[in-house]
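# Analysis of the macromolecular model
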Amino acid sequence: MNMEKTVEMYRKMLEIRLFEEKVFELYGQNLVPGTIHLYAGEEAVAVGVCSNLHKDDYIVSTHRGHGHCIAKGASLNKTMAEILGRKTGYCKGKGGSMHIADFNIGVLGATAVVGAGIPIATGAGLSIKLRRTDQVAVCFFGDGASNQGTFHESLNMAAIWRLPVIFVCENNLYAMGTRQTQVMLTKDIADRASAYGIPGVTIDGNDVLAVSQATEEAVLRARSGDGPTLIECKTYRHKGHSRFDPAAYRPKEEVEDWLRKDPINRLKRHILQEGIISDSGITEIEKEVTRSVDEAVQFAKESAFPTPESALEDVYV
Ligand SMILES: Cc1ncc(C[n+]2csc(CCOP(=O)(O)OP(=O)(O)O)c2C)c(N)n1
Ligand SMILES: [Mg+2]
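Reading guide: rules and limits
Residues numbered from 1 in each chain as written. Chains lettered and ligands numbered in written order. Predicted model: local features only at pLDDT ≥ 70, side-chain atom pairs only at ≥ 80, totals over all residues. Heavy atoms only, no water. Buried < 20%, exposed > 50% of the residue type's maximum accessible area, 1.4 Å probe, protein only. Helix = DSSP H or I, 4+ residues; strand = E, 2+ residues; numbered from the N terminus. Arc of directions from axis to C-beta. Contact = heavy atoms within 4.5 Å. Polar contact = N/O pair within 3.5 Å; in protein donor to acceptor, adjacent residues only side chain to side chain. Donors = N, O, S within 2.8 Å, 3.2 Å for Na, K, Ca; no water. Axes fitted to C-alpha atoms, helices over the stretch in contact; angles between N-to-C directions. Parallel < 35°, antiparallel > 145°, perpendicular 65-115°, else oblique. Nonpolar A, V, L, I, M, F, W, Y, C, P; charged D, E, K, R; others polar. Core = buried A, V, L, I, M, F, W, Y, C linked by side-chain atoms within 4.5 Å. Pairing = 2+ DSSP bridges. Salt bridge = Lys/Arg side-chain N within 4 Å of Asp/Glu carboxyl O.

A word on helix α10 (residues 263-273). Every buried residue of α10 is listed here: Pro-263, Ile-264, Leu-267 and Ile-271. Buried positions in α10, seen along its axis, are confined to an arc of 100 degrees and lie on one side of it. Buried residues in α10 make contact with α1 (3-28), α2 (43-50), α8 (208-223) and α11 (279-302). With a side-chain oxygen lying 2.9 Å from the backbone nitrogen of Ile-264, the N-terminal cap of α10 falls on Asp-262.

Looking now at the coordination of the magnesium ion (ligand 2). Ligation of the magnesium ion (ligand 2) by protein atoms is provided by Asp-143 (OD), Asn-172 (OD1) and Tyr-174 (O), these donors lying 2.1 Å from the ion. Within one chain, the residues donating to the magnesium ion (ligand 2) are spaced in sequence as D-x28-N-x1-Y. In this pair, Asp-143 sits in the loop between β2 (137-142) and α6 (149-160) while Tyr-174 sits in strand β4 (residues 174-175), placing the two residues 31 residues apart along the sequence. For Tyr-174, a relative accessible area of 3% corresponds to the buried category.

A few words on the packing of α10 against α11. With their axes 10 Å apart at the nearest point, α10 and α11 run at an angle of 140 degrees to one another. One element, α10, and the other, α11, form an angle in the oblique class. The segment α10 lies against α11, with Lys-268, Ile-271 and Leu-272 engaging Asp-279, Ile-282 and Glu-286. Of the residues in the contact of α10 with α11, the class split is 3 nonpolar, no polar and 3 charged.

Bringing the nonpolar core into the picture now. Tyr-10, Phe-19, Met-80, Val-138, Phe-140, Ile-166 and Val-168 are the most contacted members of the largest nonpolar core, which totals 60 residues. Here this core takes 10 residues from α1, the largest share from any one element. Among all residues touching Met-80, those that are not within four sequence positions of it are Phe-19, Lys-22, Val-23, Leu-26, Ala-296, Val-297 and Ala-300. Of all hydrophobic cores here, the second largest spans 20 residues; its members include Leu-155, Met-184, Tyr-196 and Leu-230.

Okay, the sheet that holds strand β6 (residues 200-204) next. On the basis of which strands lie adjacent, the open sheet formed by 5 strands has the order β1-β2-β3-β7-β6 and parallel pairing. This sheet does not close on itself; its edge strands, each paired only once, are β1 (58-60) and β6. In this sheet, adjacent strand axes meet at a mean angle of 20 degrees when their direction is disregarded. Where strand β3 (residues 165-171) and strand β7 (residues 229-234) come together, 6 bridges link them in parallel fashion. Bridge pairing in β7 places Ile-166 opposite Thr-229. Set on the sheet, α6 makes contact with β2, β3 and β7; between it and β3 the angle comes to about 150 degrees.

Right, let's get into the pattern of salt bridges. A complete count under the given rule lists 19 salt bridges for this structure. Notably, a salt bridge pairs Arg-17 with Asp-262, separated by 2.9 Å at the nearest N-O pair. With a gap of 245 residues between them, Arg-17 in helix α1 and Asp-262 in the loop between α9 (252-260) and α10 connect regions that are remote in the sequence. By relative accessible area, which is 13% here, Arg-17 ends up buried. The shortest N-O distance in the salt bridge between Arg-179 and Glu-254 comes to 2.6 Å. On the criterion of sequence distance, the pair formed by Arg-179 in strand β5 (residues 178-179) and Glu-254 in helix α9 is long-range, its members being 75 residues apart. Of the residues examined, Glu-254 reaches a relative accessible area of 14% and is grouped as buried. One salt-bridge network, held together by shared partners, links Glu-8, Arg-11 and Glu-288.

Function cannot be inferred from these measures alone, as they are strictly geometric.
Next up, the structure:
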């Protein structure tokens, strides 16, 4: 792995973590309308995947989407402003946490409807194929979403039409309070790929280098016209499902075990052990990221709220 790329991945993962820690803090101060679903613990998936994408490649995100958008290049300022419901945000403050979109960087949007993003990414794949470009479309979704009909229909359609889509299942073992083992007998969701005649791989989703490697192969396949791949990343969310969920359904030992496998600390250890950069280099990155997150908070707080009349703008008639 190229050293520069490794350091950049560390910076992005840290950016997502510190950004969300701020979002959590601001939520506690009643500054975030609606709810929030934090991505902490799963950063290696978004960053490992997006590190292989070009600006004009597409992603479709989920309700747990801040990390996907930041990894694809979303502005921290505009993302924070949207989460705080300000008019300088990505959707002019009218969408909030679950509706970050920016077509200029290929973020086709997030959706609160579980599994709804999967056919959207498949449609983007069809559009790429018809336009004959070398773009790819990536779809992020959870273990819960993989039980929706949309998952099965989309994989089948992408398979027969050899669409350039990469289906990335973030298996964090739970869909709200429901454990994967309660709702499916399949242990590895990637096994479902064989039902559609496409490759499926299960990887350690807390190892950003493994995620990046698997994505690189899937992207190459997609760009060469060989069709879709299903990548299952085993990971874990550090917090509850959404802001008010204390996650009492998770055994304490399980949580502690996964906290020890934190993807950011893991990459930091690798960077230091391999001498890619020194301790002071890491401290410098931490300072820079903290500064940019603080700036995003300031930008958002200083921005105005949308006017009530603006609710009637940007609507389809
Ligand atoms: C169609 C639909 N059904 C149910 C819900 C309620 N809901 C919101 S998130 C969620 C769990 C999703 O789990 P998963 O796909 O594993 O994603 P994760 O939250 O673990 O990232 C559910 C059931 C919804 N938003 N949409
Ligand atoms: Mg899940």
